[in-house]
Amino acid sequence: QVQLVESGGGLVQPGGSLRLSCAPSGSFFSIGTMGWYRQVPGNQRDLVATITNGGVTNYVDSVKGRFTISRDDAKNTMYLQMNGLNPEDTANYLCYAFVRRRVGDPWQNYWGRGTQVTVSS
């Protein structure tokens, strides 16, 4: 069974930085597009950033210039470097990835359980 494991969340002061990581565990053949969503309780889950297996990135306008999504294909690990954090960035950050579990299998979308980011003084 494939699981996405997230880390790096925590409490940070406004203007601070955090680096989130997401990596799969379990058995799989390959990983395609990966990305980050965030969700505040009571609100919808919003896309933050995506990165394809070709390295093409996409960001929501509110994080452009502050957040950087990247991936290390050798480790099958995705990162979200978050700089200049503000209270509006407070949310549960969820990792997702398209995973091909075995050769010839269709792509399946997996979600992590989330890591909490709280920006507060």
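Provided above is the structure to which this section pertains.
For the structure given in this document, a descriptive report is provided here. Just so we're clear, the structure is a prediction, and the values are computed from it rather than from any experiment.

**Digging into the packing of aromatic side chains**
Thought 1: Considering all chains together, one arrives at four aromatic pairs under this definition.
Thought 2: The interplanar angle of 85° and the centroid separation of 6.1 Å between the aromatic rings of Tyr 96 and Phe 98 together place this pair among those described as edge-to-face.
Thought 3: The exposure class of Phe 98 is partly exposed, given its relative accessible area of 33%.
Thought 4: Here a set of aromatic residues connected by ring pairs shows up, and it is made of Tyr 37, Tyr 96, Phe 98 and Trp 111.
Thought 5: Here the basic side chain of Arg 19 rests over the ring of Tyr 79, its NZ or CZ set 3.9 Å away from the ring centre.

**Digging into the nonpolar core**
Side chains that are nonpolar tend, in soluble globular proteins, to be buried together.
Thought 1: Counting 28 residues, the largest nonpolar core has Trp 36, Leu 80, Met 82 and Tyr 93 as the members making the most contacts within it.
Thought 2: Those elements giving two or more residues to this core turn out to be strand 3 (18–25), strand 4 (30–39), strand 5 (45–51), strand 7 (67–72), strand 8 (77–82), strand 9 (91–100) and strand 11 (115–119).
Thought 3: With five residues, strand 9 is the single largest residue contributor to this core.
Thought 4: In contact with Tyr 93, other than residues within four places in its own chain, are Glu 6, Leu 20, Trp 36, Tyr 37, Arg 38, Val 48, Phe 67, Leu 80, Met 82, Gly 114, Thr 115 and Val 117.

**Things to note about the environment of Asp 105**
Thought 1: Of note, Asp 105 is situated in the loop between strand 9 and strand 10 (108–111).
Thought 2: Note on Asp 105: relative accessible area 16%, which makes it buried.
Thought 3: Considering only alpha carbons, one finds Asp 105 and Ala 74, 31 residues apart in sequence, at a separation of 21 Å.

**Considerations on the state of the cysteines**
Working definition: the covalent bond between the sulfur atoms of two cysteines is a disulfide.
Thought 1: With the rule as written, the count across this model stands at one disulfide.
Thought 2: The residue that forms a disulfide with Cys 22 is Cys 95, at a sulfur-sulfur distance of 1.8 Å. On the S-S bond that ties Cys 22 to Cys 95, the torsion sits near -70°, and the link is left-handed. Here the residue Cys 22 occupies a position in strand 3, and Cys 95 occupies one in strand 9, the gap between them amounting to 73 residues.
Thought 3: Judged by its relative accessible area of 0%, Cys 22 is buried.
Thought 4: According to the relative accessible area criterion, Cys 95 is buried, its value standing at 0%.

Calculation criteria
Residues numbered from 1 in each chain as written. Predicted model: local features only at pLDDT ≥ 70, side-chain atom pairs only at ≥ 80, totals over all residues. Heavy atoms only, no water. Phe/Tyr/Trp six-rings, centres within 6.5 Å; stacked < 30°, edge-to-face > 60°. Buried < 20%, exposed > 50% of the residue type's maximum accessible area, 1.4 Å probe, protein only. Lys NZ or Arg CZ within 6 Å of the ring centre and 35° of its normal. Core = buried A, V, L, I, M, F, W, Y, C linked by side-chain atoms within 4.5 Å. Helix = DSSP H or I, 4+ residues; strand = E, 2+ residues; numbered from the N terminus. Contact = heavy atoms within 4.5 Å. Disulfide = S-S within 2.5 Å.

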